[in-house]
Amino acid sequence: MLEKLENLDLCSPSIVSETADGKSSMATRNLASMSVDELWTLRETIDAILADKISTELNELSRQLDRLSPRDKAAKFPERSKAVALKHPSSRPVLPKYQNPVRPFEIWSGRGRRPLWLKEQLVAGRLLEDFRLPEHKSLVSSV
C-alpha cells in the first residue's frame, strides 16, 4: 500500500519541505489541481495505510496488556489467589442467626454491626438469646 502512495507522486507544497536547491523532495503537484477521482484514490490509499498501522498498534497494546493483566498473574500463581481467598473468609455468605420477632424479615448473621432493631431491644432489657433462630438455639444449649 505504501508503494501505491509513493507511486502517485503527489504532494502539497504546504506540507513538503524543499531541498537546498529549491526542489521538493517529491514531485511538486498541488492537491488543489488534482481531479476528484485522484483525490479519492489518494484518500482511500491513506485510509488503508492508517487502518493497517492502527491495527498493528492495537495488537501490540493488547499484547502488552495481556502481560500486565491480573488474570495473567493469577494464572501464573494460582496458590496466591487461593491464599487470598482463605485469608478473607468473611466474604463467604453466612446464614442468619438472629431474627426480629415483630418483623420476621429483619435478620442478622451475628457478624458486623448490630442492626438498629436489635440494639433497641437490648437497651430495653431483652437478651441476645431471645432473638436467636430455633436451629441455632439447639447448638448453643448443647455446647
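Treat the numbers as computed from the prediction; the structure is a model and nothing was measured.

*Asks:* Describe the overall build of the protein, with residues and values.
*Replies:* Each helix and strand in the protein was counted, giving 6 helices and 2 strands. Mapped in sequence order, the helices and strands of the protein form the string α-α-α-α-β-β-α-α. Across the 143 residues that make up the protein, the buried fraction comes to 15%. Long-range pairs, those at least 24 residues apart, make up 30% of the contacts in the protein between residues at least 6 apart in sequence. A total accessible area of about 11,800 Å² is found for the protein, and carbon and sulfur atoms account for 59% of it.

*Asks:* Just give me the short version of the side chain of T45, but keep the residues and values in it.
*Replies:* Its place among the elements puts T45 in helix α2 (residues 36-68). Separated by 2.8 Å, the side chain of T45 and the backbone oxygen of T41 make a polar contact.

*Asks:* Any details on the pattern of salt bridges? Residues and values, ideally.
*Replies:* A full pass over the atoms with the stated rule returns 5 salt bridges. Across the pair E129 and R132 runs a salt bridge whose closest N-O atoms are separated by 2.9 Å. Among the residues examined, E129 registers a relative accessible area of 36% and is labelled partly exposed. For R132, a relative accessible area of 13% puts it in the buried group.

*Asks:* Please provide a residue-by-residue account of α2, values included.
*Replies:* Along its 33 residues, α2 runs 47 Å from first to last C-alpha, staying within 8% of the 48 Å computed at 1.5 Å per residue. What α2 keeps buried is the set L42, T45 and I49.

Parameters at a glance
- Residues numbered from 1 in each chain as written.
- Predicted model: local features only at pLDDT ≥ 70, side-chain atom pairs only at ≥ 80, totals over all residues.
- Heavy atoms only, no water.
- Helix = DSSP H or I, 4+ residues; strand = E, 2+ residues; numbered from the N terminus.
- Buried < 20%, exposed > 50% of the residue type's maximum accessible area, 1.4 Å probe, protein only.
- Contact = heavy atoms within 4.5 Å.
- Areas by Shrake-Rupley, 256 points an atom, 1.4 Å probe, with all protein chains shown as cover.
- Polar contact = N/O pair within 3.5 Å; in protein donor to acceptor, adjacent residues only side chain to side chain.
- Salt bridge = Lys/Arg side-chain N within 4 Å of Asp/Glu carboxyl O.
- Expected span 1.5 Å × (residues − 1).

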